[in-house]
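# Observations on the three-dimensional arrangement
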Amino acid sequence: MVHTFEALGLKLALDVGSGALHQLDGIAYDALNPDPAERARLLSRYPTEEGAAIAAELDELRKSGALDAPDDYDASLLSEPGVVKAMCLHAAHDCNLSCRYCFAREGTYSDPSRSRMPVEVGKAALDWLIAKSGSRRALEADFFGGEPLLNLPAVMEIVAYGRKRERETGKRFSFTITTNALGLTDSAIRFINDEMDNCVLSLDGRREVHDRMRPDAGGRGSYDRALDGALRLVGGRGDKSYYARGTFTAFNLDFTNDALALADAGFAHVSVEPVVAFGDEPYALRPEHLPRILEEYDTLAAAYVQRRREGRPFSFFHFNVDLENGPCLRKRLTGCGAGNEYVAVTPEGKLYPCHQFVGREGWEIGDATTGAFDADAQRLFANNHVLNKPDCRACWAKYFCSGGCCANALAMNGRLDKPYELGCATQRKRLELALAIAAMDY
Amino acid sequence: MESIRTPHIHTINRASLRESLEHGGCGECQASCQSACKTSCTVANQQCKRQERRSPETKRGAAV
Ligand code: SF4
Ligand code: SF4
Ligand code: SF4
């Protein structure tokens, strides 16, 4: 399968099976037109010798395995499920903001008790992860919520326990945290910058966009407080990884301005993500927004390239594609690993396939405090890989996207193996732009 | 990595997916949803941990 496309003024072809990316001139682009009749028509405009020359070049590429390489890999490549190596620890089902778009309903996951994870549950979860991780050395635990800083003392103790267990077991924990930045006291910042390998700071970009969707319980905007904390954290972070992460909704389809606002505010690493909302909320993204969203990604990519040219670059999560050192094929087939290699743990220790499944009826798959874990559920998720989803199998983006978000698939289409079309369309668009940006570097 | 130019085509990266079958699958890299977004899966922007461990000199152009 070959995907030809134009992005940022470049004509490109991605050979799906081999992963090779080719930049084409006009005739080469025409010669790879997927429609045979159209291809013949386009090529008839060129002198015959040129047509023959381009055919010879394409044949060379085919022989070298960089064009029309077989792309249907064998699913038996994938290892048997059984190992879990990453978890999302819901430190608090409570929040000090009342974001209107929160998929967890003000951070509570519909949990009226607004519970916080006791230290003992966190420790048991890390022990469970170590026990389930087989020979994997690198383990991950993300502190999430709600707002995890509402339970900071417990987070600190759980991390200290993890460090002790590292010494005892030879495992290595990569701890990360996702926070709304309101509770960033100096000591919280010191702790995060010392212990967290990555920190995701939720800020939406422009003040008015942020304040509209991220008010506190009293209805007051949170932009100034969040920005202040986030900048102090980043200022002390050195070269450790972080992201300022915004959400775009139907209210800010011009989200380039928000990505740039984050960059202008002083964040070098920026991500802006579509809102997770599937109902009739006024801010939800709907199919009629799609053309506008795709166009906006073009605008964002152009601004991104422009900033690089001007010597004031920022990194945008979805535009980072490493063509040389990207993941292996097995990784590309398995994707996020939700329910298989990755689980979410509630404050009570209940296990769910991932943070977006938490609280969804029928999706509890175990308990970290008792060690119970549903092996059949794990197998179900393990088998839900790219090669087993018909839409993905036919999709050119499959080895970059790796099969999309099954939580969204379930929410939108009622099944794990039918990806959410709006998500797919935006994923493919971002990938085209990311590939074009990568091509510009050569 | 050497990119390859012919008159009409500039091949930007070597074809390497199939080769990655030989060394891959160690599982030491980051779970993808963990990294920045927490709401969308993408492996495209991840790096292979095995390759990160190589020295910068061998990283570029190494047959991995
Ligand atoms: S670290 Fe590299 S080889 Fe190992 S699973 Fe990840 S991408 Fe594959
Ligand atoms: S873009 Fe959609 S169809 Fe394509 S691989 Fe991703 S989830 Fe599957
Ligand atoms: S199912 Fe979706 S939300 Fe859950 S880990 Fe995977 S990509 Fe992330």
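In this report, the structure presented in the accompanying data block is examined. (Residues numbered from 1 in each chain as written. Chains lettered and ligands numbered in written order. Predicted model: local features only at pLDDT ≥ 70, side-chain atom pairs only at ≥ 80, totals over all residues. Heavy atoms only, no water.)

With that out of the way, let us pick up the environment of Gln46(B). Topologically, Gln46(B) is positioned in the loop between helix 1 (20–23) and helix 2 (49–52). Considering only alpha carbons, one finds Gln46(B) and Gln30(B), 16 residues apart in sequence, at a separation of 7.7 Å. Look past the residues within four positions of Gln46(B) in its chain and what remains in contact with it is Asn325(A), Gly326(A), Pro327(A), Lys331(A), Gln30(B), Ala31(B) and Ser32(B). A distance of 2.7 Å separates the side chain of Gln46(B) from the backbone oxygen of Gln30(B), its partner in a polar contact. (Helix = DSSP H or I, 4+ residues; strand = E, 2+ residues; numbered from the N terminus. Contact = heavy atoms within 4.5 Å. Polar contact = N/O pair within 3.5 Å; in protein donor to acceptor, adjacent residues only side chain to side chain.)

Counting 116 residues, the largest nonpolar core has Met87(A), Leu89(A), Phe143(A), Leu201(A) and Phe267(A) as the members making the most contacts within it. For this core, the element with the most residues is helix 16 (residues 421–440) of chain A, which contributes 10 residues. Excluding anything up to four places from it in sequence, Leu201(A) contacts Thr179(A), Ala181(A), Leu184(A), Ala230(A), Leu233(A), Val234(A), Tyr242(A), Tyr243(A), Ala244(A), Arg245(A) and Phe267(A). Of all hydrophobic cores here, the second largest spans 22 residues; its members include Cys88(A), Ala344(A), Trp363(A) and Ala31(B). (Core = buried A, V, L, I, M, F, W, Y, C linked by side-chain atoms within 4.5 Å. Buried < 20%, exposed > 50% of the residue type's maximum accessible area, 1.4 Å probe, protein only.)

Next up on the list: the site of ligand 2. Residues and elements named next belong to chain A. As a matter of local geometry, ligand 2 sits amid Asp391, Cys392, Cys395, Lys398, Cys401, Gly403, Gly404, Pro419, Cys424 and Arg428. Of all the secondary-structure elements, those providing two or more residues to the shell around ligand 2 are helix 13 (390–393), helix 14 (398–401) and helix 16. Of the residues that constitute the shell around ligand 2, the class distribution is 5 nonpolar, 2 polar and 3 charged. (Near = heavy atom within 4 Å. Nonpolar A, V, L, I, M, F, W, Y, C, P; charged D, E, K, R; others polar.)

Here the focus is the sheet that holds strand 10 (residues 315–316) of chain A. The pairing of strands in a sheet happens through backbone hydrogen bonds and is either parallel or antiparallel. Residues and elements named next belong to chain A. In spatial order, the strands read 10-9-8-7-6-5-4-11-12-13-14; together these 11 strands make up an open sheet with mixed pairing. The sheet is open, and its two borders are formed by strand 10 and strand 14 (372–373), each paired with just one other strand. Pairing of strand 4 (residues 86–90) with strand 11 (residues 342–345), which is carried by 4 bridges, proceeds in the parallel orientation. Residue Cys88 lies in a different strand from strand 11, and its bridge partner there is Ala344. Against the sheet, helix 5 (residues 152–169) engages strand 4, strand 5 (138–144), strand 6 (172–179) and strand 7 (196–202), with an angle of about 165 degrees to strand 6. (Pairing = 2+ DSSP bridges. Axes fitted to C-alpha atoms, helices over the stretch in contact; angles between N-to-C directions.)

Residue and element names in this part refer to chain A. Considering all chains together, one arrives at 18 aromatic pairs over all chains under this definition. Here the aromatic rings of Phe103 and Tyr109 are separated by 6.1 Å at their centres, their planes lie at 85 degrees, and the arrangement is edge-to-face. Phe103 sits in the partly exposed class, given a relative accessible area of 29%. Taking relative accessible area as the criterion, Tyr109 reaches 8% and is therefore assigned buried. On the basis of an interplanar angle of 55 degrees and a centroid distance of 5.3 Å, the ring pair of Phe357 and Trp363 is categorised as tilted. Accessibility expressed as a relative area gives 0% for Phe357, which makes it buried. Through a chain of ring-to-ring contacts, the aromatic side chains of Tyr304, Phe314, Phe316 and Phe319 assemble into a single cluster. The cationic tip of Arg360 hangs over the ring face of Phe357; the distance from NZ or CZ to the ring centre is 5.2 Å. (Phe/Tyr/Trp six-rings, centres within 6.5 Å; stacked < 30°, edge-to-face > 60°. Lys NZ or Arg CZ within 6 Å of the ring centre and 35° of its normal.)

It is worth spelling out the interface of chain A and chain B at this point. As a measure of interface size, the accessible area lost when the parts come together is often cited. The interface of chain A with chain B comprises 76 residues on the first partner and 47 residues on the second. For the pair chain A and chain B, the summed buried surface comes to about 5,100 Å²; carbon and sulfur atoms form 54% of the total. If you look at where chain A meets chain B, you find 0 salt bridges. Across the chain A-chain B interface, the total number found is 22 residue pairs in polar contact (both at pLDDT 80 or more). Here the residues of the side of chain A that touches chain B are counted per class, giving 39 nonpolar, 21 polar and 16 charged. As paired elements, strand 3 (residues 21–24) of chain A and strand 2 (residues 9–11) of chain B share 3 bridges and run antiparallel to each other. Bridge assignment links His22(A) to a residue of strand 2 of chain B, and that residue is Thr11(B). (Buried area = accessible area lost by both parts, 1.4 Å probe. Salt bridge = Lys/Arg side-chain N within 4 Å of Asp/Glu carboxyl O.)

Turning our eyes to something else, we now look at the sheet that holds strand 1 (residues 4–5) of chain B. Read from one edge of the open sheet, 5 strands run 1(A)-2(A)-3(A)-2(B)-1(B), paired in antiparallel fashion. Two strands close off the open sheet at either side, each with one partner strand: strand 1 (2–7) of chain A together with strand 1 of chain B. The sheet contacts of helix 16 of chain A involve strand 1, strand 2 (10–15) and strand 3 of chain A, and relative to strand 2 of chain A the element is tilted by about 105 degrees.

It is worth spelling out the pattern of salt bridges at this point. Residue and element names in this part refer to chain A. A complete count under the given rule lists 39 salt bridges over all chains for this structure. Here Arg232 and Asp228 are joined by a salt bridge, their closest N and O atoms 3.3 Å apart. Residue Arg232 and its partner Asp228 are both found in helix 8 (residues 223–235); the two are separated by 4 residues, about one turn of the helix. Using a relative accessible area of 35% as the deciding quantity, one classes Arg232 as partly exposed. Here the residues in one salt-bridge network are Arg163, Glu166, Arg172, Glu195 and Asp197, joined through shared partners.

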